[in-house]
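# Architecture and fold: a report
The residues making up each chain are set out below.
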Amino acid sequence: MTSTTTTVPDDHATKRRALRAVTIAACLPYLGLKVAWVAGSHIGIPEGSALRDADAGLVVANAVTILMDAAVVVLALLLTRPWGRRVPAWLLLLPMWGAVGLLTPIMYGFPAQLLVRALGGSGTTAGGSERPFLDEWVFGVVYTGFIVQGLALGSLFVLYARDRWGHLWQGTAGDLAGAAPGRGQRAALTAAAVLAVVPGGVHLLWTCGWSAGLSPELARGYGGAFAAGESGYVLYAAATVVGIVLLLSGASRGSRLSLRVPLLLAGVGSAASAAWGGWQLLATLTSLADDGRGPTAAMGVTYAVQVITGLLVLAAGARFFAARSARMSAATPGRTAVDVTGRTAADVPGRTGVEALAS
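Figured I'd write up the structure that's included with this text. The structure presented is a predicted model; accordingly, all values stated were derived computationally and were not measured. (Residues numbered from 1 in each chain as written. Predicted model: local features only at pLDDT ≥ 70, side-chain atom pairs only at ≥ 80, totals over all residues. Heavy atoms only, no water.)

Together, Val 60, Val 64, Met 68, Trp 279 and Leu 282 make up a nonpolar patch on the protein surface, roughly 410 Å² of accessible area in all. When contributions to the nonpolar patch are tallied by element, the ones reaching two or more residues are α2 (56-78) and α8 (260-286). Ranked by residue count, the leading element in the nonpolar patch is α2, at three residues. Tracing the chain through its elements places Val 64 in helix α2. (Patch = residues over 30% accessible without salt bridge, like charges linked within 9 Å, V, L, I, M, F, W, Y side chains within 5 Å. Areas by Shrake-Rupley, 256 points an atom, 1.4 Å probe, with all protein chains shown as cover. Salt bridge = Lys/Arg side-chain N within 4 Å of Asp/Glu carboxyl O. Helix = DSSP H or I, 4+ residues; strand = E, 2+ residues; numbered from the N terminus.)

Laid out in structure tokens, this is it:
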């Protein structure tokens with residue numbers, strides 16, 4: 001009697017390949033421009049732009065952003081190739097968290113600013129500077145590429161995460177009633193929700209036209225387009241707070257709300273606030289505010305609070321999923337965890353079912 005092994009086909013294999021190709025292709029315009037600028041080209045940089053006076057610091061900054069966008073290509077491969085299925089969870093989730101955080105504000109802000117301008121709103125891409133910063137077509141090409149990256153990479157991650165960790169966010173918030181977040185997690189999430197109100201409130205004031213705390217150049221260039229971009233940070237802070245409240249309150253009162261709703265709100269909201277806040281904070285630490293163009297101290301504090309908020313949610317979320325994975329494994333004796341390659345934990349020498357579930 002002979003036995004045969006049946007391989008379960010990947011229903012989304014074609015979709016994964018297409019999304020990978022789209023993600024990589026969307027990276028090429030930005031990478032091409034940055035490489036050209038590092039090499040000394042002035043393509044897309046008009047006469048009179050501060051970028052014409054590039055120093056070593058700007059070259060280093062361009063090199064760093066090249067590596068950051070190249071990391072998106074690596075992520076696209078990781079999410080679709082067999083070797084990517086064996087990568088430790090933290091090595092994938094940290095850069096994905098950063099990618100979500102950096103791309104989400106662009107995916108919201110750029111279309112919102114285009115809409116405002118189409119409706120007759122004012123605002124400049126250079127923050128009110130009389131000298132053009134970049135040719136207008138550069139913003140269209142680069143930001144469109146970022147939006148496509150975000151959509152395609154996000155779709156790839158959803159497919160990957162559903163296969164590998166989908167069991168961890170099944171059910172409702174009320175299902176956590178018997179295993180709610182621990183005291184430390186609740187303290188971290190509560191602190192994050194409270195802190196998120198601070199930058200959310202500041203950005204709301206800036207959205208409404210309050211110029212206190214803004215650099216002189218940004219204050220001069222205030223308009224509808226600037227307000228549209230600022231409104232995004234209000235939404236990210238609100239999403240963080242709402243997600244945390246729904247998660248904690250739902251666990252205590254047996255809510256029937258799908259668990260993935262508060263997790264998505266808190267996760268994406270905090271990532272967008274923290275990652276972009278961190279990027280702006282880096283600019284604060286490396287720019288001179290006394291020339292009117294650099295960020296002010298008030299802006300730096302706002303960005304720092306955004307980073308702290310995001311890190312609190314990230315730490316609490318990591319602990320939450322680790323604990324939930326351990327509980328689910330312990331509640332199902334003898335359960336074998338199947339990873340996305342179709343192998344069980346028993347197929348991997350020295351790996352237990354608990355380790356496979358937590359990976």
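Below, the discussion takes up the packing of aromatic side chains. The description of two aromatic rings rests on the distance between their centres and on the angle between their planes. Scanning the entire structure with this criterion turns up nine aromatic pairs. Relative to Phe 146, the ring of Tyr 30 lies with its centre 4.9 Å away and its plane at 55 degrees, an arrangement referred to as tilted. Linking Tyr 30 in helix α1 (residues 13-38) with Phe 146 in helix α4 (residues 136-165), this pair joins segments that are 116 residues apart in sequence. The exposure class of Tyr 30 is buried, given its relative accessible area of 14%. Assessed through its relative accessible area of 10%, Phe 146 is described here as buried. (Phe/Tyr/Trp six-rings, centres within 6.5 Å; stacked < 30°, edge-to-face > 60°. Buried < 20%, exposed > 50% of the residue type's maximum accessible area, 1.4 Å probe, protein only.)

Let us now look at the pattern of salt bridges. One pass over the full model with this rule turns up two salt bridges. For Asp 163, the salt bridge is made with Arg 16, and the minimal N-O distance between the two is 2.7 Å. With Asp 163 in helix α4 and Arg 16 in helix α1, this pair connects stretches of sequence that are 147 residues apart. The closest approach of N and O atoms between Arg 52 and Glu 47, which form a salt bridge, is 3.6 Å. Taking relative accessible area as the criterion, Arg 52 reaches 26% and is therefore assigned partly exposed. Of the residues examined, Glu 47 reaches a relative accessible area of 63% and is grouped as exposed.

Let us now look at helix α5 (residues 183-207). The terminal C-alpha atoms of α5, which comprises 25 residues, lie 36 Å apart, in line with the 36 Å expected from a rise of 1.5 Å per residue. Listed as buried for α5 are Gln 185, Ala 188, Leu 189, Ala 192, Ala 193, Ala 196, Pro 199, Gly 200, His 203, Trp 206 and Thr 207. Looking at the packing, one finds that the buried side of α5 touches α7 (224-253) and α9 (297-330). Immediately beyond the C-terminal end of α5, within one or two residues, lies Gly 209, with a positive phi of roughly 105 degrees. (Expected span 1.5 Å × (residues − 1). Contact = heavy atoms within 4.5 Å.)

Let us look at the packing of helix α3 (residues 89-118) against α4. Their axes nearest at 9 Å, the elements α3 and α4 cross at an angle of 140 degrees. By the criterion of interaxial angle, the relationship of α3 to α4 is oblique. α3 and α4 meet at a crossing whose hand is left-handed. For the contact of α3 with α4, the class distribution of residues is 19 nonpolar, four polar and one charged. (Axes fitted to C-alpha atoms, helices over the stretch in contact; angles between N-to-C directions. Parallel < 35°, antiparallel > 145°, perpendicular 65-115°, else oblique. Left-handed = near helix turned anticlockwise from the far one by under 90°. Nonpolar A, V, L, I, M, F, W, Y, C, P; charged D, E, K, R; others polar.)

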